[in-house]
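Architecture at a glance
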Amino acid sequence: MLYSVKIYSEFENEIERFLKLFFNENFNLDNKHFWKKDYETPIELIDITTTFVDNKEKFKANMWISLDKDVYIAISETNINSLVKYIYERFPD
């Protein structure tokens, strides 16, 4: 199974700005309002989700992750710590 991250924004270039910060490279997305990336393991989601929350005030965007087929969890300042703990507990190496 693949685990995914989705970012949505009503504003152009917000997602590109975040991705540039995270990946340290320029992005030119065809869809300026949506971005999705699939990962092989759920542990790989942690870096991008925590970076997103740490910089949330800089971007007008929302992030969702999927750990189970067709179930998405919104990422926020209030749930990120519990979510990271849950991922490590549910998916130990």
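Scoring rules and cut-offs
Residues numbered from 1 in each chain as written. Predicted model: local features only at pLDDT ≥ 70, side-chain atom pairs only at ≥ 80, totals over all residues. Heavy atoms only, no water. Pairing = 2+ DSSP bridges. Helix = DSSP H or I, 4+ residues; strand = E, 2+ residues; numbered from the N terminus. Axes fitted to C-alpha atoms, helices over the stretch in contact; angles between N-to-C directions. Contact = heavy atoms within 4.5 Å. Salt bridge = Lys/Arg side-chain N within 4 Å of Asp/Glu carboxyl O. Buried < 20%, exposed > 50% of the residue type's maximum accessible area, 1.4 Å probe, protein only. Arc of directions from axis to C-beta.

To continue, consider the sheet that holds strand E4 (residues 71–74). The four strands are arranged E2-E1-E3-E4 in an open sheet whose pairing can be described as antiparallel. The open sheet is flanked by strand E2 (34–39) and E4, the only strands paired with a single partner. Each strand axis lies, on average, 25 degrees off the axis of its neighbour in the sheet, ignoring direction. Here helix H2 (residues 45–54) sits on the sheet in contact with strand E1 (3–8), E2 and strand E3 (62–68), set at roughly 155 degrees to E3. Across the sheet, helix H3 (residues 80–90) is in contact with E3 and E4; its angle to E3 comes to roughly 20 degrees.

Attention now moves to the pattern of salt bridges. Counted under the stated rule, the structure contains five salt bridges. Salt-bridge contacts for Arg 90 lead to Asp 68; the nearest nitrogen and oxygen are separated by 2.5 Å. Of this pair, Arg 90 sits in helix H3 while Asp 68 sits in strand E3, and the two are 22 residues apart along the sequence. Under the relative-accessibility criterion, Arg 90 is labelled partly exposed at 33%. Here Asp 70 makes a salt bridge to Lys 69, at a shortest N to O gap of 3.3 Å. Here the two residues Asp 70 and Lys 69 agree in accessibility, since each one is exposed.

To continue, consider H3. Those residues of H3 not exposed but buried are Ile 80, Leu 83, Val 84 and Ile 87. Along the axis of H3, the buried residues cluster in a sector spanning 100 degrees; they form a single face. Turned more than 90 degrees from where H3 packs its buried face, Asn 81, Ser 82, Lys 85 and Glu 89 sit exposed. Considering only its buried residues, H3 is in contact with H2, E3 and E4.

Taken by themselves, the reported measurements are silent on function.
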